[in-house]
Amino acid sequence: LLHHVEAATLLAQQRYDQARTVLSEYWAEAGPRSLSPWVEDAALLLSRVAEACGDHRTALRWHRELHERYGRAQYQAWLARATTARLQIDQEALQRRARQLEYDALSDPLTGVPNRRAFDANLLRLVAAAHSTAKPLTLVIFDVDRFKRVNDTHGHPAGDEVLRRVARILREQSRDVGRCARYGGDEFTLCLSVESTDAAIAVSRISRSIAEHPWASVAPGLAVSVSTGVAELRPADDAVSLLWTADQSLLAAKRSRAPEPFG
């Protein structure tokens, strides 16, 4: 910095020989290693000294040196910005991929609703929240009646479409998509933040929506109904006992269902 100030002062005083000596010594030491941010200014001052002395060839050489140094610096700056932009794009792509992998791990690929793994995690969270806030929680399990017959009679593509539409009805009937899930096979679950009496009204509405759905658009003569098991969270319940109670309620409902006609 002192060399830079001294050279600039000598140049202003038109003491060109002394300025050239100071700048040349400074350049010989600092120029090759770019020791300070004023190295390029030294080349600029040397070009001005040469111009003042009428040595235009030397002035041109120093201007070229200055241009090359600034050009390389600008190129490195552009390269750094391009690298930063590329890294940001790569990072965003990785984040999108991570979100997609997380979604795939927790979603049922056929119906798009949360899968069993997501349900298990959500149920633990909902049960803990219900206990801590003393708010009601009711678990409902829906089982598609005679689903094997749907596959056997109308084909597996029709069976897949039945599951997709049942999931869509459940999703539409619940405000939070995370509260319904495909538990496995033809079973779906729904968590409602209401007492069992209000849950029964909601279950009746959903069951009616499923039964009244235009299933003939999927396959001629197709009719779909569901059996349900309902369990309200009790003070001593945890996620396991709540699920067990709902499952027992579903088994009882299926046993009480009219027997399937022979043949």
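Numbering of residues starts from 1 in every chain and runs along the sequence as written. Side-chain atom pairs in this predicted model are given and counted only at pLDDT of 80 or more, local residue features only at pLDDT of at least 70, and totals for whole chains, interfaces and linings cover all residues. Only hydrogens and water are set aside; all other atoms, that is, all heavy atoms of the structure, feed into the side-chain values.

Caption draft 1: Main features of the packing of aromatic side chains. The rule is short: rings of Phe, Tyr and Trp, with Trp giving its six-membered ring, pair when the centres are within 6.5 Å, and they are stacked under 30 degrees, edge-to-face over 60, tilted in between. Considering all chains together, one arrives at one aromatic pair under this definition. Measuring from ring centre to ring centre gives 5.4 Å for Phe119 and Tyr183, while their planes differ by 90 degrees; the resulting arrangement is edge-to-face. Here Phe119 is found in helix 5 (residues 116-133), whereas its partner Tyr183 is found in strand 2 (residues 180-184), with 64 residues between them in sequence. In this structure, Phe119 and Tyr183 share a single accessibility class: buried. Going along the chain from the N terminus, every DSSP run of H or I of four or more residues is numbered as a helix, and every run of E of two or more is numbered as a strand. Categorising residues by exposure relies on relative accessible area from a 1.4 Å probe, with only protein chains included: less than 20% of the type maximum marks a residue as buried, more than 50% marks it as exposed, and the intermediate range marks it as partly exposed.

Caption draft 2: Just the packing of helix 6 (residues 147-154) against helix 7 (residues 156-173), in detail. Axis definition: a line fitted to C-alpha atoms, over the contacting stretch in the case of helices. Angles run 0 to 180 degrees between N-to-C directions. In the contact formed by helix 6 and helix 7, the axes pass within 6 Å of each other and the chain directions differ by 140 degrees. In terms of axis orientation, helix 6 runs oblique to helix 7. In contact with Phe147, Val150, Asn151 and His154 of helix 6, helix 7 contributes His156, Ala158, Gly159, Val162 and Leu163. In these notes the angle categories are as follows: under 35 degrees is roughly parallel, over 145 is roughly antiparallel, 65 to 115 is roughly perpendicular, and the rest is oblique. In what follows, a contact means two residues having at least one pair of non-hydrogen atoms within 4.5 Å.

Caption draft 3: Expanded view of the pairing of strand 3 (residues 187-192). Burial analysis of strand 3 places six of its six residues in the buried class, the great majority of the element. Residues of strand 3 alternate between two faces, with Glu187, Thr189 and Cys191 on one and Phe188, Leu190 and Leu192 on the opposite face, all of them buried. Strand pairing requires that DSSP identify at least two bridges connecting the strands. Where strand 1 (residues 138-144) and strand 3 come together, six bridges link them in antiparallel fashion. Residue Leu139 lies in a different strand from strand 3, and its bridge partner there is Cys191. Relative to strand 3, strand 2 runs antiparallel, the two being bridged by four bridges. For Cys180, the partnering residue across the bridge sits in strand 3 and is Leu190. Where strand 2 hands over to strand 3, the hairpin turn is made up of two residues, of which Gly185 adopts a positive phi near 60 degrees.

Caption draft 4: Highlighting the pattern of salt bridges. Put simply, a salt bridge is a Lys or Arg side-chain nitrogen that is within 4 Å of an Asp or Glu carboxyl oxygen. Taken as a whole, this structure holds eight salt bridges when the rule is applied. A salt bridge links Lys148 to Asp152; the shortest N-O distance between them is 2.7 Å. Placement of the pair is Lys148 and Asp152 together in helix 6, with a separation of four residues, close to one helical turn. No difference in accessibility class separates Lys148 from Asp152, as the two residues are exposed. Glu161 is the salt-bridge partner of Arg164, the closest N and O atoms lying 3.0 Å from each other.

Caption draft 5: Highlighting the environment of Gly184. When you line up the elements, Gly184 lands in strand 2. Residue classification places Gly184 among the partly exposed positions, given a relative accessible area of 33%. As for Gly184 and Asp108, which are separated by 76 residues in sequence, their C-alpha atoms are 9.3 Å apart.

Caption draft 6: Main features of unusual backbone geometry. Although it is not a glycine, Gln14 sits at a positive phi angle of roughly 60 degrees. Note that Gln14 resides in the loop between helix 1 (2-12) and helix 2 (16-30). Relative accessible area serves as the criterion here: at 56%, Gln14 is assigned to the exposed category. For Arg146, which is not a glycine, the phi torsion comes out positive at approximately 50 degrees.

Caption draft 7: Structural detail: the nonpolar core. Ranked by size, the top nonpolar core spans 26 residues in total, and within it Phe142, Val144, Val162, Val166, Leu170, Leu190 and Ile210 carry the most contacts. Of all the elements in the fold, those that place two or more residues in this core are strand 1, helix 6, helix 7, strand 3 and helix 8 (196-211). Of the residues forming this core, the biggest block, six residues, is contributed by helix 7. Among residues more than four places away in sequence, those in contact with Ile210 are Val166, Ile169, Trp215, Val224 and Val226. We call a set of buried Ala, Val, Leu, Ile, Met, Phe, Trp, Tyr and Cys residues a nonpolar core when their side-chain atoms join them within 4.5 Å.

Caption draft 8: Structural detail: the side chain of Thr111. Mapping Thr111 onto the fold places it in the loop between helix 4 (56-106) and helix 5. Any pair of nitrogen or oxygen atoms within 3.5 Å is treated as a polar contact; in protein, a donor-acceptor pairing is required on top of that, and neighbouring residues in sequence qualify only through side-chain atoms on both sides. Within polar-contact distance, the side chain of Thr111 engages the side chain of Asp108 at 2.6 Å.

Caption draft 9: A look at the sheet that holds strand 2. Overall, antiparallel pairing links the four strands, which are arranged 2-3-1-4 in an open sheet. What marks the edges here is a single partner per strand, and that holds for strand 2 and strand 4 (226-232). This sheet shows a mean twist of 25 degrees between the axes of neighbouring strands, independent of strand direction. Most of the contacts of helix 7 go to strand 3, to which it runs at about 5 degrees, and overall it touches strand 1, strand 2 and strand 3.

Any functional reading would require information beyond the geometric quantities listed.
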